[in-house]
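Chain by chain, the residues run as shown.
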Amino acid sequence: MTGASGRARPETLKATVCFDGGLLAEAEISYAGPNAKSRAALAIETVTKRLAFLHPSLHVRADVIGIVSVFGDMSGSLLSAEIPGVRDGDLRVRFAAETADRAAAECLLDEVEALYCAGPAGGGGVRKRLTPRLRSASCLVDRKRVTPQISLLETA
Amino acid sequence: MTCAVSLYELAHARSGDKGNRLNIAVVCREPRFFEPLRERLTEAFVARVFRERRPTAVKRYELPKLHAFNFVLDDVLDGGVNGSLGLDGHGKTLSFLLLSAEIEMPAGLLSLTEEPASELMSGGSR
């Protein structure tokens, strides 16, 4: 075979860098039976308004699992279009926010739990979750600065 | 002559737990609903609504001055909040399961009623 051509290998290597991405705060509460849709909507309105003055820089996302959740957008436009109306259901409201401020994250969780006693009727099954997040980004590193090595973290 | 009415149109309700025991407070939206409900919203009726949870006992307490009832259902919470695999171990959503039930009421009972007042907020003080 003749005539093959190529290029020199790149001087740089691609690296994936992981760094602290703050906290993911998630909290959920269920409303079921007559008027569940309206109660879910009121829970969302209550929590988002309260967080707006307690932690104004926190963006809180709300979904209603059973109406719009995984299809929904960040700003909740699709959910707003679907939610009006007094209707029954077995619905789960899910709130989520991301922040480096642990106090703000815990505030969201506490506000959702507070709906048990100071929220729409018949709210139940609150679950709260705080998960540290890793963000990643790619960059290029000069090949000369890299010595390949392997680290084995666990053996079977 | 009777007709089937959703209990939601006749009453508010709130529920909670003590261990594996559920209590549901049912409060009539209007005082005039109390007597027909006293007749028809029986322990047997409530036991039937919760039959899949197999209550071992259902007891009804009457609070006529408040136009209300308190129902106590034993062994319906799958072990309670520290035992249940369900989301709502406290049974706080179950008030609305009872309110979703249809109950036979004298025909025309609701014809003079106003729109149900808002029950949207739970029992905290204002």
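As a reminder, the structure under discussion sits directly above these lines.
What you are looking at is a predicted structure, and each value in this text was computed from that prediction instead of being measured. (Residues numbered from 1 in each chain as written. Chains lettered and ligands numbered in written order. Predicted model: local features only at pLDDT ≥ 70, side-chain atom pairs only at ≥ 80, totals over all residues. Heavy atoms only, no water.)

(A) Structural view of the interface of chain B and chain A. Facing the 17 residues of chain B at the interface are 21 residues of chain A. The interface formed by chain B and chain A holds zero salt bridges in total. Where chain B packs against chain A, one counts three residue pairs in polar contact (both at pLDDT 80 or more). Among the elements that line the side of chain B that touches chain A, the one with the most residues is helix 3 (residues 94-99) of chain B, at three residues. (Contact = heavy atoms within 4.5 Å. Salt bridge = Lys/Arg side-chain N within 4 Å of Asp/Glu carboxyl O. Polar contact = N/O pair within 3.5 Å; in protein donor to acceptor, adjacent residues only side chain to side chain. Helix = DSSP H or I, 4+ residues; strand = E, 2+ residues; numbered from the N terminus.)

(B) Quick peek at the packing of aromatic side chains. Under the defined criterion, the tally for this structure stands at two aromatic pairs over all chains. Here the aromatic rings of Phe34 of chain B and Phe69 of chain B are separated by 4.7 Å at their centres, their planes lie at 15°, and the arrangement is stacked. With Phe34 of chain B in helix 1 (residues 34-40) and Phe69 of chain B in strand 5 (residues 68-74), the pair connects residues that are 35 residues apart, well separated along the chain. Measuring from centroid to centroid gives 6.3 Å for Phe69 of chain B and Phe71 of chain B, while their planes differ by 40°, and the two rings are tilted. Across the pair, Phe71 of chain B and Phe69 of chain B agree in class, each one buried. Positioned above the aromatic ring of Phe96 of chain B is the side chain of Arg39 of chain A, whose terminal nitrogen or guanidinium carbon lies 3.4 Å from the ring centre. (Phe/Tyr/Trp six-rings, centres within 6.5 Å; stacked < 30°, edge-to-face > 60°. Buried < 20%, exposed > 50% of the residue type's maximum accessible area, 1.4 Å probe, protein only. Lys NZ or Arg CZ within 6 Å of the ring centre and 35° of its normal.)

(C) Structural context of the state of the cysteines. All names here are of chain A. By the definition in use, this model includes zero disulfides over all chains. The closest cysteine sulfur to the non-disulfide-bonded Cys18 is located on Cys139, 11 Å from its own sulfur. Free of any disulfide, Cys107 has its nearest neighbouring cysteine sulfur in Cys117, separated by 17 Å. Relative accessible area serves as the criterion here: at 13%, Cys107 is assigned to the buried category. (Disulfide = S-S within 2.5 Å.)

(D) Representation of the sheet that holds strand 4 (residues 57-63) of chain B in the model. Residue and element names in this part refer to chain B. A sheet is described by the order of its strands in space; here four strands give the open sequence 2-3-5-4, paired in antiparallel fashion. Of all the strands in the sheet, the pair left with one neighbour each is strand 2 (11-18) and strand 4. Direction aside, the axes of adjacent strands within the sheet are offset by 15° on average. Here seven bridges tie strand 3 (residues 21-28) to strand 5, and the two strands are oriented antiparallel to one another. (Pairing = 2+ DSSP bridges. Axes fitted to C-alpha atoms, helices over the stretch in contact; angles between N-to-C directions.)

(E) Main features of unusual backbone geometry. Positive phi, normally seen in glycine, also occurs at Asn35 of chain A, with a value near 65°. The residue Asp78 of chain B is not glycine, and still its phi comes out positive at about 55°. Relative to the elements of secondary structure, Asp78 of chain B occurs in the loop between strand 5 and helix 3.

(F) A look at helix 3 (residues 102-113) of chain A. Residue and element names in this part refer to chain A. Here helix 3 spans 17 Å end to end across 12 residues, near enough to the 16 Å set by a 1.5 Å rise per residue. Where helix 3 is buried, its residues touch strand 1 (12-33), helix 1 (36-54), strand 3 (89-99), helix 4 (115-118) and strand 4 (124-142). Where helix 3 begins, the side chain of Asp101 points an oxygen toward the backbone nitrogen of Ala103, at a separation of 3.1 Å. (Expected span 1.5 Å × (residues − 1).)

(G) Main features of the sheet that holds strand 3 of chain A. Residues and elements named next belong to chain A. The four strands are arranged 2-3-1-4 in an open sheet whose pairing can be described as antiparallel. Edge positions in the open sheet fall to strand 2 (61-65) and strand 4, since each of these has one partner strand only. Taking the axes of each pair of neighbouring strands and ignoring which way they run, one obtains an average angle of 25° across the sheet. Pairing of strand 1 with strand 4 involves 16 bridges; the strand directions are antiparallel. In the sheet register, Leu24 faces strand 4, and the bridge partner there is Thr131.

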